[in-house]
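Given next are the chains, with one letter for each unit.
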Amino acid sequence: MGINKVILVGNVGKDPEVRHLDSGVAVTTFPLATSETYRNKEGQKVTNTEWHNIVLWRGLAEIAEKYVKKGNPLYIEGKIRTRSWDDKEGNKRYTTEIIADNMQMLGSKQSEDNAASAPENNSSVDIENIPEEDDLPF
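A few points on the structure. Since this is a predicted model, take the numbers as computed values, not measurements.

Within the structure shown, the criterion is met by six salt bridges. The salt bridge partner of Lys5 is Glu77, with a shortest N-O separation of 2.7 Å. A residue pair is termed long-range when its members are at least 10 positions apart, and Lys5 in the segment before β1 (6-12) and Glu77 in strand β5 (residues 73-86) qualify at 72 residues. Owing to a relative accessible area of 15%, Glu77 belongs among the buried residues under this scheme. Two residues, Arg83 and Glu97, come together in a salt bridge whose shortest N-O distance is 2.9 Å. Note that Arg83 is positioned in strand β5 and Glu97 in strand β6 (residues 92-105), a separation of 14 residues in sequence. Note on Arg83: relative accessible area 39%, which makes it partly exposed. Each of the salt bridges in this network shares a partner with another, and the network as a whole consists of Arg81, Arg83 and Glu97.

The next subject is the environment of Thr49. Along the chain, the position of Thr49 falls in strand β4 (residues 45-57). On the basis of relative accessibility, which here comes to 40%, the residue Thr49 falls in the partly exposed class. For the pair formed by Thr49 and Thr37, sequence separation is 12 residues and the distance between their alpha carbons is 8.7 Å. Reaching out from Thr49, the side chain makes a polar contact with the side chain of Ser35 at a distance of 3.1 Å.

With that out of the way, let us pick up the pairing of strand β3 (residues 26-39). Where β1 and β3 come together, two bridges link them in antiparallel fashion. By the bridge assignment for β3, Asn11 is matched with Ala33. Counted along the chain from strand β2 (residues 17-20) to the antiparallel partner β3, the turn is five residues long, and its residue Gly24 has a positive phi close to 95°. As paired elements, β3 and β4 share 13 bridges and run antiparallel to each other. Along β4, the bridge assignment pairs Arg39 with Lys45. The hairpin formed by β3 and β4 contains five residues between the paired strands, and Gly43 there has a positive phi angle of roughly 85°.

This next bit is on the side chain of His52. Tracing the backbone shows His52 in strand β4. Given the relative accessible area of 14%, His52 is considered buried. A polar contact is formed between the side chain of His52 and the side chain of Thr34, at a distance of 2.8 Å. What His52 contacts, discounting residues up to four positions off in sequence, is Leu8, Phe30, Pro31, Leu32, Thr34 and Ile98.

About the cut-offs
- Residues numbered from 1 in each chain as written.
- Predicted model: local features only at pLDDT ≥ 70, side-chain atom pairs only at ≥ 80, totals over all residues.
- Heavy atoms only, no water.
- Salt bridge = Lys/Arg side-chain N within 4 Å of Asp/Glu carboxyl O.
- Helix = DSSP H or I, 4+ residues; strand = E, 2+ residues; numbered from the N terminus.
- Buried < 20%, exposed > 50% of the residue type's maximum accessible area, 1.4 Å probe, protein only.
- Polar contact = N/O pair within 3.5 Å; in protein donor to acceptor, adjacent residues only side chain to side chain.
- Pairing = 2+ DSSP bridges.
- Contact = heavy atoms within 4.5 Å.

Listed below in structure tokens is the structure:
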């Protein structure tokens, strides 16, 4: 038995890419950047950014297609999945993705207004109003 749970708060790196499987199921992918800032021994401010490959399915994918844009701050919950494949030259390739099952749009009043108008569906979407004076580090 184990737990595979990821919680991320970060900024969307580029507009989501959406595709539809032959069955009509929507799949959306985009990179999400999380940053950590600290002071090193010399007192200089250092920022480390980690990039995460986000994958959304079905209703959540459709909402992201309509409302998520590059630069938007998001809260993502999901699980880590690593998969592998052989490239054209026969080399084994790996990628690690976050399969999201919950997304909350954070940030400005404008993005909250857009999020609030998202259609109702049965996917796990929880959109909250976050005050702009929060303590997020970005």
